[in-house]
Amino acid sequence: MALRNAVLRQLRVPVQTLGMNQSQIGFLGSIRSFSSNDDHLSREAVVDRVLDVVKSFPKVDPSKVTPEVHFQNDLGLDSLDTVEIVMAIEEEFKLEIPDKEADKIDSCTLAIEYVYNHPMSS
Amino acid sequence: MSGVSTAAYFARRAAQKERVRILYRRALKDTLNWAVHRHIFYRDASDLREKFNANQDVEDIDRIDKLIAHGESEYNKWRHPDPYIVPWAPGGSKFCRNPTPPAGIEIVYNYGLEDNP
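A brief structural summary.

Conventions and cut-offs
- Residues numbered from 1 in each chain as written.
- Chains lettered and ligands numbered in written order.
- Predicted model: local features only at pLDDT ≥ 70, side-chain atom pairs only at ≥ 80, totals over all residues.
- Heavy atoms only, no water.
- Helix = DSSP H or I, 4+ residues; strand = E, 2+ residues; numbered from the N terminus.
- Rg over C-alpha atoms; globule rule 2.2 N^0.38 Å.
- Buried < 20%, exposed > 50% of the residue type's maximum accessible area, 1.4 Å probe, protein only.
- Core = buried A, V, L, I, M, F, W, Y, C linked by side-chain atoms within 4.5 Å.

Within chain B, the regular secondary structure consists of 3 helices and 0 strands. Reading the helices (α) and strands (β) of chain B from amino to carboxyl end gives α-α-α. For a compact globule of 117 residues, the expected C-alpha radius of gyration is about 13 Å, and chain B comes in at 25 Å, more than 25% above that figure. Judged by the C-alpha coordinates and their principal axes, chain B covers about 90 × 40 × 20 Å. The buried share of chain B, taken over its 117 residues, is 23%.

Moving on to unusual backbone geometry. With a phi angle near 55°, Lys-94 of chain A is a residue other than glycine that sits in the positive phi range. Relative to the elements of secondary structure, Lys-94 of chain A occurs in the loop between helix H4 (79–93) and helix H5 (99–104). Under the relative-accessibility criterion, Lys-94 of chain A is labelled exposed at 53%. A positive phi angle, near 65°, is found at Cys-96 of chain B, a position not held by glycine.

Residues and elements named next belong to chain A. Core analysis: the biggest nonpolar cluster contains 26 residues, and Val-50, Val-54, Leu-75 and Ile-89 have the highest contact counts within it. Counting residues per element, the ones that place at least two in this core are helix H3 (43–55), H4 and helix H6 (108–117). At 6 residues, the largest contribution of residues to this core is made by H3.

Just geometry here; none of it tells us what the structure is for.
What follows is the structure, given as structure tokens:
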């Protein structure tokens, strides 16, 4: 019994409490804590993908698309075209946007904000 | 007959425009439910867009209301019985499946249990 304890004392891995890891969290990024959803997109990825979706819309001139462009005022699109763009963004990020929220998305800035703040965008 | 544009008129027109947008959105999603293959979906989506565009210049408010009601009844007739819903959304297969655990719960790997066999 004493021999076993002595051997284990040599071999034991020191237990690290969570308090010590707090300083490393900023370096590692997001905490993995039981949630199965740890692939939050970075802002540049969201911006790039949203702009790609808007640029590949046939009625849009790709050279005019910037992250702050307004669909109806700047790109000259119809309200039905904004609906189509919002649906394309939904399909791109695998989101389900409620009807009332989708009606309010009017420009690239709003779309990027919504997708970035949505917890389930991927 | 109101040739005068009052605030109530504009409010009514804005409400109608919102109804049209929501109807178009639902109809487009429904078309995607029915026509899964992309080339068929594009064709059906452009047909739907043509139907909406044909009436876009109507100015008479009551006629617009009738057209919207007709469109909504058409949409209700064509609704898919088993629509595709994103899994984590209400009605989807993963909805409420793994709710987030309450905050502050951690696992502490207590390998020191060898002390108390």
